[in-house]
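One-letter residues, chain by chain:
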Amino acid sequence: MRDRKAFLDAGRNDPHDLQQKAEHPYDFVSLPAKPTPRGAPTHGSYPADRWTGTVTLTYRVLSPLHVGSGGFDLAKERGLAGGDRPVRGIVRCRDLPVLPGASWKGAVRARFEAITNSRLGVVGTKHSKIPRAKIPSPLQKGNGGKVDVQIDDARVWALKPQPNVRQVSELSGLCLADALFGAMGYRGRVEAEEGTISSHPATKPKLVAPLESPVAHRLAKPGKASADPGGTIRISEVEGRKFYYDGPIVDERRRNGQLQASDEIDYVPKDATITVRVHLDSLTAAEVGALLVAAGWGERVGVVRFGGYKAVGLGKVELKVVEPDLRLGKERRPWWRGATSSLDSATAVAAAYTEHLIDAGRLEELHRITTHRRDEKGAP
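A quick note: this is a predicted structure, and the numbers were derived from the prediction, not measured.

A few points about the overall build of the protein
No. 1: From N to C terminus, the protein includes eight helices and 22 strands.
No. 2: Relative to the 2.2 N^0.38 estimate, which gives 21 Å for 380 residues, the radius of gyration of the protein is 22 Å and therefore close to what a compact globule would have.
No. 3: Taking the principal axes of the C-alpha coordinates as reference, the protein spans close to 70 × 55 × 40 Å.
No. 4: Expressed as a percentage of its 380 residues, the buried residues of the protein come to 49%.
No. 5: Long-range pairs, those at least 24 residues apart, make up 77% of the contacts in the protein with a sequence separation of at least 6.
No. 6: Between the centroid of the 58 positive side chains of the protein and the centroid of its 45 negative side chains there is a distance of 3 Å.

This is the structure:
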């Protein structure tokens, strides 16, 4: 997490200032030095101590949800006020809004990676399209309108995505996130169905502040970014994994004193219900528990957000109900059901902590960041 004193000592803006939090509404969960190996079973094997089946998760939507379709719709086509005005569309199936399984999986995996000392799912080591105007003057060297940013942090290289798994013997080196969600050459053992959404329809488009493009030099810890003679900015130490603060919906943004045009979007209103059925294949009780915590189950697990416009307050959800239907080993087959009852969520979560799959310190960082209000003074 960002160190206010280090920022001020380095002559950088106070990250806890209200204006700074409005412009950069996020903080970072710290990175481990290297991933913790966990290993994974081969597909098609169902050891007697592993659980297989489904878990049904029910979320309540706490702020408007926008899972973008990538296209525009006319407002009137979606029953919204505005006639022929274009609005950013949301993903629908049979004309009803849905939460794609990949959207659930991406949001939960990001949290899962952070709290289990896993590899990074995605690593961008070079960003070559940073406008020079966004770079602080001490870092502006060389010529041209764009600035390259190179990340040289050894931890990032140690945490880069798993190389292609080619042999069974390589499965023992998989980190926990790769073992559950998949890696190059290894299919994951957690798959989510398309989430169904129950909601009253929106009646008019929602105005939200336009999103800012990422600026890579802000990943650097204070004093850990420098520009070489050619103009490339090199970061020797990054802050960590980025997660957003909590706060009210931001419907406008100013740049250099000028009000920018807001985006008009289609959305799922607050208080909707999302039901997601997740298939689990041969997980230990502790792995199930860590997955549930990442999905938002339990105390002090932070805020979960789905979809787009997270930076301006959209997509906040609360996991209200967890319904496991899991069986051990071969009892996964309906015609081979033994006397074993389904694994319950409390037992699974307890096992995750007992077996130290969850890094309690980083989970607390995640909780503090995602529940911190960007419109209130003070540090997360």
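So, helix H3 (residues 101–115)
No. 1: Here H3 is 15 residues long and its end C-alpha atoms lie 21 Å apart, about the 21 Å a rise of 1.5 Å per residue gives.
No. 2: Within H3, eleven of the 15 residues are buried, which leaves the element mostly enclosed by the surrounding structure.
No. 3: Among the residues making up H3, those that are buried are Gly101, Trp104, Lys105, Ala107, Val108, Arg109, Arg111, Phe112, Glu113, Ala114 and Ile115.
No. 4: At the C-terminal side of H3, Asn117 shows a positive phi close to 55°.

Comments concerning the environment of Asp95
No. 1: You can see Asp95 is positioned in the loop between strand E5 (92–93) and strand E6 (96–99).
No. 2: Judged by its relative accessible area of 52%, Asp95 is exposed.
No. 3: Separated by 17 residues in sequence, Asp95 and Arg78 have C-alpha atoms that sit 8.9 Å apart.
No. 4: A polar atom in the side chain of Asp95 sits 2.6 Å from the side chain of Arg78.

Regarding the packing of aromatic side chains
No. 1: Across all of its chains, the model carries four aromatic pairs by this definition.
No. 2: Ring geometry for Tyr26 versus Tyr244: centroids 6.3 Å apart, planes at 85°, classification edge-to-face. Within this pair, whereas Tyr26 is found in strand E1 (residues 26–29), its partner Tyr244 is found in strand E16 (residues 241–244), the two being separated by 218 residues in sequence.
No. 3: Using a relative accessible area of 10% as the deciding quantity, one classes Tyr26 as buried.
No. 4: Take Tyr244: its relative accessible area is 24%, and that puts it in the partly exposed class.

A closer look at the pattern of salt bridges
No. 1: Enumeration over the complete set of coordinates arrives at 30 salt bridges.
No. 2: Of the charged contacts in the structure, one is a salt bridge between Glu264 and Arg85, with a shortest N-O distance of 2.6 Å. Placement of Glu264 in strand E19 (residues 263–265) and of Arg85 in the loop between strand E3 (68–74) and strand E4 (86–90) is noted, with a sequence separation of 179 residues between them.
No. 3: Residue Arg85 is classed as partly exposed on the basis of its relative accessible area of 48%.
No. 4: Among the ionic contacts, a cluster of salt bridges with common partners joins Arg38, Arg50, Arg189, Glu287 and Glu355.

Focus on the pairing of E6
No. 1: The pairing of E5 with E6 spans two bridges and is antiparallel. In the strand pairing of E6, Arg92 is matched with Pro97.
No. 2: Linking two consecutive strands that pair antiparallel, namely E5 and E6, is a turn of two residues; a positive phi of about 55° is found at Arg94 within it.
No. 3: As paired elements, E6 and strand E12 (residues 195–198) share two bridges and run antiparallel to each other. The residue of E12 that forms the bridge with Val98 is Thr196.

Some words on the side chain of Glu365
No. 1: As for its position among the elements, Glu365 is in helix H8 (residues 360–371).
No. 2: Of the side chains bearing the opposite charge, Arg362 lies closest to the buried Glu365, which forms no salt bridge; the N-O distance is 5.1 Å.
No. 3: At 2.9 Å, the side chain of Glu365 and the backbone nitrogen of Ser30 are in polar contact.
No. 4: Residues contacting Glu365, with those up to four places away along its chain left out, are Met1, Phe28, Val29 and Ser30.

A look at the packing of H3 against H8
No. 1: Running from amino to carboxyl end, H3 crosses H8 at an angle of 135°, the nearest separation of the two axes being 8 Å. In terms of axis orientation, H3 runs oblique to H8. Between H3, through Arg111, Ala114 and Ile115, and H8, the contact on the second element is made entirely by Arg362, Leu363 and Leu366.
No. 2: Of the residues in the contact of H3 with H8, the class split is four nonpolar, no polar and two charged.

Some remarks on the pairing of E12
No. 1: Of the two faces of E12, only one is covered, namely that formed by Gly195 and Ile197; the face formed by Thr196 and Ser198 stays uncovered.
No. 2: As paired elements, E12 and strand E20 (residues 273–283) share three bridges and run antiparallel to each other. Looking at E20, one finds that Ser198 is bridged to Thr273.

Some words on the environment of Arg241
No. 1: In this structure, Arg241 sits in strand E16.
No. 2: Given the relative accessible area of 7%, Arg241 is considered buried.
No. 3: Considered as a pair, Arg241 and His43 are 198 residues apart in the sequence and their alpha carbons are 30 Å apart.
No. 4: Arg241 has contacts with Asp27, Phe28, Val29, Leu31, Pro32, Glu113, Ala114, Ser118, Arg119 and Leu120, leaving out every residue within four places of it along the chain.
No. 5: A distance of 2.7 Å separates a polar side-chain atom of Arg241 from the backbone oxygen of Ser118.

Criteria and cut-off values
- Residues numbered from 1 in each chain as written.
- Predicted model: local features only at pLDDT ≥ 70, side-chain atom pairs only at ≥ 80, totals over all residues.
- Heavy atoms only, no water.
- Helix = DSSP H or I, 4+ residues; strand = E, 2+ residues; numbered from the N terminus.
- Rg over C-alpha atoms; globule rule 2.2 N^0.38 Å.
- Buried < 20%, exposed > 50% of the residue type's maximum accessible area, 1.4 Å probe, protein only.
- Contact = heavy atoms within 4.5 Å.
- Lys, Arg positive; Asp, Glu negative; His and termini not counted.
- Charge placed at Lys NZ, Arg CZ, Asp CG, Glu CD.
- Expected span 1.5 Å × (residues − 1).
- Polar contact = N/O pair within 3.5 Å; in protein donor to acceptor, adjacent residues only side chain to side chain.
- Phe/Tyr/Trp six-rings, centres within 6.5 Å; stacked < 30°, edge-to-face > 60°.
- Salt bridge = Lys/Arg side-chain N within 4 Å of Asp/Glu carboxyl O.
- Pairing = 2+ DSSP bridges.
- Axes fitted to C-alpha atoms, helices over the stretch in contact; angles between N-to-C directions.
- Parallel < 35°, antiparallel > 145°, perpendicular 65-115°, else oblique.
- Nonpolar A, V, L, I, M, F, W, Y, C, P; charged D, E, K, R; others polar.

Coordinates in, geometry out; function isn't part of it.
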